[in-house]
Amino acid sequence: MDSVLIDEARTPLIISGPADTASDLYYELNPLISNLVKRQKSIVNRYLKEAEEMLKSGNTEEAGKRLLQAEKGDPKNKRLLKLKEDPENIRLIQKTEFLYNQTKSISEIEEDLYYIIEEKGHTVTLTERGRAALSPSNPEKLILQDFTDKLAEIEKSNLPKEELLRKKAEIEEEYLQMSEKLHIINQLLRAYTLYEIDVDYVIQNGKVVIVDEFTGRLMPGRRYGEGLHQAIEAKEGVSIQRDTQTLATITIQNYFRLYDKLAGMTGTADTEAEEFAKIYNLDVVVIPTNKPVIRKDYPDRIYRTSKEKWKAIADEIEECHKKGQPVLVGTISVEKSELLSKVLKKRGIKHEVLNAKYHEKEAQIIAKAGEKGAVTIATNMAGRGTDIKLGEGVRELGGLHIIGTERHEARRIDNQLRGRSGRQGDPGSSRFYLSLEDDLMRLFGSDKISGLMLKMGMEEGQNIDSPLVTKAISSAQKRVENRNFEIRKQLLEYDNVMNDQRNYIYSKRREFLDDEKMEEKILDTIDELIDLKFEEMEVSKSSIAPESAYAIFEWFYDIINNRSSIELSTDKNWSKTELREALINAAKDAYKDKVLELGDDIAPQVSRIIALQSIDKRWKDHLYEMDGLREGISYQAYAQKDPLIEYKFQAFKLFQELIKNINTEIVKNIFRVHIVPTTKQRNIWQINKVQHEEFNQFGEPVSAKRSKSKLLKNPHEEGMVKVRNQVIAEKKIGRNDPCWCGSGKKYKYCHGRKQ
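Quick caveat, the model's predicted, so the values are computed rather than measured.

Peer 1: Would you mind going over the pattern of salt bridges with me for this structure?
Peer 2: Pairs can form between side chains of opposite charge whenever their charged atoms are close. All chains considered together, the criterion is met by 39 salt bridges. Between Asp621 and Lys617 there is a salt bridge; the shortest N-O distance is 3.8 Å. In this pair, Asp621 and Lys617 are both assigned in helix H22 (residues 602-632), four residues apart and thus about one turn of the helix distant. Given the relative accessible area of 29%, Asp621 is considered partly exposed. A residue is classified by how much of its surface remains accessible, and Lys617, at 43% relative accessible area, is partly exposed. Connected via shared salt-bridge partners are Lys309, Lys336, Glu406 and Asp438.

Structural data, given as structure tokens:
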């Protein structure tokens, strides 16, 4: 339960489909980014070599600068981690960073690097030197300029209208292309520096498959968003799948809030009781175990380096194996499980490996994990919901022994691993091994702990077995849990804005799914449009001047595509109520004419399909705009504004525009559909087959020629709806354009005269 409601709640549920266009920039930019990463690693290695020499000569000030540059340029560099085994060097890095931040000269540290890595925030930022390396002739090209100034300059010019529009379109297109390029550069940098194979993902059958960080299981079918998955595919040299676009999204929190009743059972909810209460309004009740837990949980053992830690783990496994006690070893990644497997193979210790690569053997491996002499190395796959039965004679040996090779970000996951042993009153034991090079220690707890280790005068191979250090580690985990809670809370606050919009759109969509009372629904839609138009033109309640009425009539005629049969007077002053009533009556008459033209049976179906198509298309575009808004809203904090309040304000404006566009598109398309008689009647089964094939190709490139030839009579027409006859939604036809019927006459002398 907590795995879903807590762990997975940091990322929203997303249904995505293929984007309209596929980008070749991943192929184009990948070699440049790969080369840039290699150059940065070379620079960092040179800095670390210089730092070592400076430390020997006693030049700690310059050594601190070089170490800080290495920390920002490649925080997982093995040479850097080796130097950070000495707590004095950690303190030197922190002191140097504090001094540079205090004097506001941190840019001096960053200017020699190509990019800056921020592990805690999971971000990578391209520096000026990085831009120069990627675009030597013009580094400024890789800075996203504010194009509104350029548009303002063009507006002031005396260019002809067509030239003005062309220039503005060119500037907007240039801005969009540069924005896309910078985004892909950033995602490629993240793929190379923050995401590791066999840790965050694996390659299977030529595809990148994500590994769940909480359960250790593969997540086929899931993809990283915003082009990150494509960037990883480019990095690994596998086929790059087409870009995806969000079609629907909701957070885990808001999804489960849709249920009237919510309950569940888990062994590790107590540490997250506060979040369950605040987010889901759920109380956590602790139920006593069926039998007392007699498992022995030994204090953590902490080493300075990973090398020392792995040696100690192998020693303990070997010791348990010799006396026949089964051992379950929990690792945090596929990579670490395979690393330990190699160590045990060298020692000749027979063992089984259970990770995302061998998930099909899970049941078989778990069935034997409690037998005498068994050694099982597993990722988090074996840490949740796994019941390991003890073999004959194992209880006398102390039961199943659990070894944790690293602390996780959440205490719950550690508790889940421990809980595989000592079940139903069985004997058992557990111990965790850590080093200062572990991610948790390095990012959130190593400063305080390394100070304690320095005071204790630790030497190579020596470990700390202290409750004080164990408490410090628990504090580090709590800090990470609080940080993750804030991430989930913030995600929910932003999604609450979207949730209101989502509920409105989905309710509107549900209304149009039913063909009944379709006329009423269309008139309600027109009514909403009239309200928006009145608001836009600031129409007064008492009297509307003839010129304002004329502008409203022109807009209305364009909406309903009917001027000849409906006449509204512009020679008098209208009141707001009178004008609304006149427009609604005119719309009723126009819709009745359209129903007569299409037929009583077909008209509601056509209206329904047009409405659903308009809602879906516009909602999808709106989600894309909201993603962009969410991505950049944090910069409002630099202007001393609350990003969340600004987000609500901007989102409301976008939503108003969305409703206006949906309603306009629905009404315009309904009043522009015409029945085109077909010369050849097709069997209904053939029609269904064609539609089924089109649906099956969702997600793959579809030939425009093929799809349009089947669906449209005229390739320039905007869209279509297929019911018993072909129904085509046309663009607005000008009075002097050729008539749509193919007679060769001008529209005003043919069907235009009839209408």
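On we go.
Peer 1: Help me understand the packing of helix H2 (residues 25-57) against helix H3 (residues 60-73) in this model?
Peer 2: The relative placement of two packed helices is expressed as an angle between their axes plus a distance between the axes. The contact between H2 and H3 brings their axes to 8 Å, and the two run at 155°. Taken together, the axes of H2 and H3 lie roughly antiparallel to each other. Considering only the axes of H2 and H3, their crossing is left-handed. In this structure, H2 uses Gln40, Val44, Tyr47, Leu48, Glu50, Ala51, Met54 and Leu55 to contact H3, whose residues at the interface are Glu62, Ala63, Arg66, Leu67, Gln69, Ala70 and Gly73. Looking at the contact of H2 with H3, its residues break down into nine nonpolar, three polar and three charged.

Peer 1: Explanation requested: the packing of H3 against helix H5 (residues 87-102) in the structure shown.
Peer 2: Remark: H3 packs on H5, axes separated minimally by 8 Å, with the N-to-C direction vectors making an angle of 90°. Taken together, H3 and H5 sit at an angle that is classed as roughly perpendicular. Between H3 and H5, the residues in contact are Thr60, Ala63, Gly64, Lys65, Leu67, Leu68, Glu71 and Lys72 and Asn89, Leu92, Ile93, Thr96, Glu97 and Tyr100, respectively. Grouping the amino acids of the contact of H3 with H5 by side-chain chemistry returns six nonpolar, four polar and four charged.

Peer 1: Quick question: what am I supposed to make of the pairing of strand S11 (residues 375-378) here?
Peer 2: Judged by which residues are buried, S11 turns out to be covered on both faces: Val375 and Ile377 on one side and Thr376 and Ala378 on the other are all buried. In this structure, strand S9 (residues 327-330) lies alongside S11, joined through four bridges in parallel fashion. Paired with Gly330 across the two strands is Ala378, which belongs to S11. For the segment spanning strand S10 (residues 352-354), helix H15 (residues 362-368) and S11, crossover handedness is right-handed.

Quick notes on the rules
Residues numbered from 1 in each chain as written. Predicted model: local features only at pLDDT ≥ 70, side-chain atom pairs only at ≥ 80, totals over all residues. Heavy atoms only, no water. Salt bridge = Lys/Arg side-chain N within 4 Å of Asp/Glu carboxyl O. Helix = DSSP H or I, 4+ residues; strand = E, 2+ residues; numbered from the N terminus. Buried < 20%, exposed > 50% of the residue type's maximum accessible area, 1.4 Å probe, protein only. Axes fitted to C-alpha atoms, helices over the stretch in contact; angles between N-to-C directions. Parallel < 35°, antiparallel > 145°, perpendicular 65-115°, else oblique. Left-handed = near helix turned anticlockwise from the far one by under 90°. Contact = heavy atoms within 4.5 Å. Nonpolar A, V, L, I, M, F, W, Y, C, P; charged D, E, K, R; others polar. Pairing = 2+ DSSP bridges. Right-handed = clockwise from strand over helix to strand, strands pointing away.

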